[in-house]
Amino acid sequence: MSMSSFAPVLHSEWLKIRSVRSQCLALAAVLVSTTAFSVLMCATLKAEDTSEAGFDPVRASFFGLNFGQIAAICFGSLAVAGEYRNGAVLVSLTAVPRRGLFYTAKLTVVGLLALAVGLLTSATCFVLGQAALGDRGVGIGEPGALRSVVGCGVYLALITLFAAGLAAVLRSAPAVMGILIPFLLMLSFVLGDVSEGGGWVDFLPDRAGQQILLQNPDGPLNPWTGTGVLVLWVAAALWVGGRRLTRRDA
């Protein structure tokens with residue numbers, strides 16, 4: 001794969017996303033929803049809440065992440081499954097017959113956009129969240145703070161790619177949303193907070209990936225092994241999605 005053939009496909013994928021309002025709105029919703037709920041949470045915490053032994057001021061900045069990842073799932077699924085509405089994927093594959101090239105370019109654009117928005121979101125949440133905490137807030141130099149800010153952006157990008165991979169498998173954005181949103185949100189809610197150990201439960205994609213947000217993870221995974229587990233989930237979804245695209249009719 002040469003850059004001379006890859007660059008035009010990247011550009012075309014960027015134009016597709018930019019021209020679809022729903023995908024742009026989903027990206028914007030990642031920033032708005034995550035920031036709004038995070039700042040609201042930090043602003044409403046009481047002194048007795050922040051004085052508890054287990055209070056993590058850094059993690060508090062990302063309280064709205066669960067809402068933001070819903071928007072990230074919507075963006076990833078729409079960006080890929082949208083190709084299958086009204087047979088648009090046939091046009092794309094006519095222009096780019098090499099399906100592997102087409103799939104790689106789409107995932108690259110989706111991933112980079114999600115990472116850029118994710119990093120902007122995490123930085124905004126941290127700055128505004130810590131400001132809302134007042135004298136209970138911490139700076140970026142606090143142990144684990146910079147890692148959490150970067151990790152939040154990476155987490156959102158990985159969740160977006162997870163949704164994109166499943167969309168390539170299922171070829172339906174509503175199906176991906178209907179499976180992934182309950183899987184990542186309701187299951188974890190039922191099984192407990194991410195900071196509490198739960199055996200195999202800690203290896204679920206969101207619980208593993210969100211270890212990077214904690215100052216002092218106390219489960220079986222540390223911030224980097226947790227991210228590694230999430231990467232494996234994402235890689236599996238992308239691999240299966242790629243196989244379905246390259247081996248079956250569009």
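Reading the values: the criteria
Residues numbered from 1 in each chain as written. Predicted model: local features only at pLDDT ≥ 70, side-chain atom pairs only at ≥ 80, totals over all residues. Heavy atoms only, no water. Helix = DSSP H or I, 4+ residues; strand = E, 2+ residues; numbered from the N terminus. Expected span 1.5 Å × (residues − 1). Buried < 20%, exposed > 50% of the residue type's maximum accessible area, 1.4 Å probe, protein only. Core = buried A, V, L, I, M, F, W, Y, C linked by side-chain atoms within 4.5 Å. Contact = heavy atoms within 4.5 Å. Salt bridge = Lys/Arg side-chain N within 4 Å of Asp/Glu carboxyl O.

**Q** Would you mind going over helix H5 (residues 65-81) with me for this structure?
**A** Every α-helix winds through 3.6 residues per turn, so residues three or four apart in the chain are directed the same way. For H5, with 17 residues, the first-to-last C-alpha span of 24 Å sits near the 24 Å given by 1.5 Å per residue. Among the 17 residues of H5, 13 are classified as buried, and the element is accordingly described as predominantly covered.

**Q** I would appreciate a short explanation of the nonpolar core in the present structure.
**A** A general trend in soluble globular proteins is that nonpolar side chains are found buried together. Counting 59 residues, the largest nonpolar core has Phe-62, Ile-73, Phe-75, Phe-126, Leu-180 and Val-234 as the members making the most contacts within it. Of all the secondary structure elements, the ones that give two or more residues to this core are helix H1 (3-19), helix H2 (21-44), H5, helix H6 (88-95), helix H7 (99-133), helix H8 (145-170), helix H9 (173-191) and helix H11 (223-247). Here the element with the most residues in this core is H8; it accounts for 13 residues. With residues near it in sequence (within four places) discarded, Phe-62 still touches Ser-38, Ser-122, Cys-125, Phe-126, Ser-148, Val-149, Cys-152 and Leu-213.

**Q** What is the right way to look at the pattern of salt bridges in this model?
**A** Oppositely charged side chains can form a pair if their charged atoms are brought close together. Applying the stated criterion to the full structure yields five salt bridges. In this structure, Glu-13 engages Lys-16 in a salt bridge whose closest nitrogen and oxygen atoms are separated by 2.8 Å. With Glu-13 and Lys-16 both in helix H1 and three residues apart, this pair spans about one turn of that helix. Overall, the relative accessible area of 26% leaves Lys-16 in the partly exposed class. As a salt-bridge pair, Arg-207 and Asp-202 come within 3.9 Å of each other at their nearest N and O atoms.

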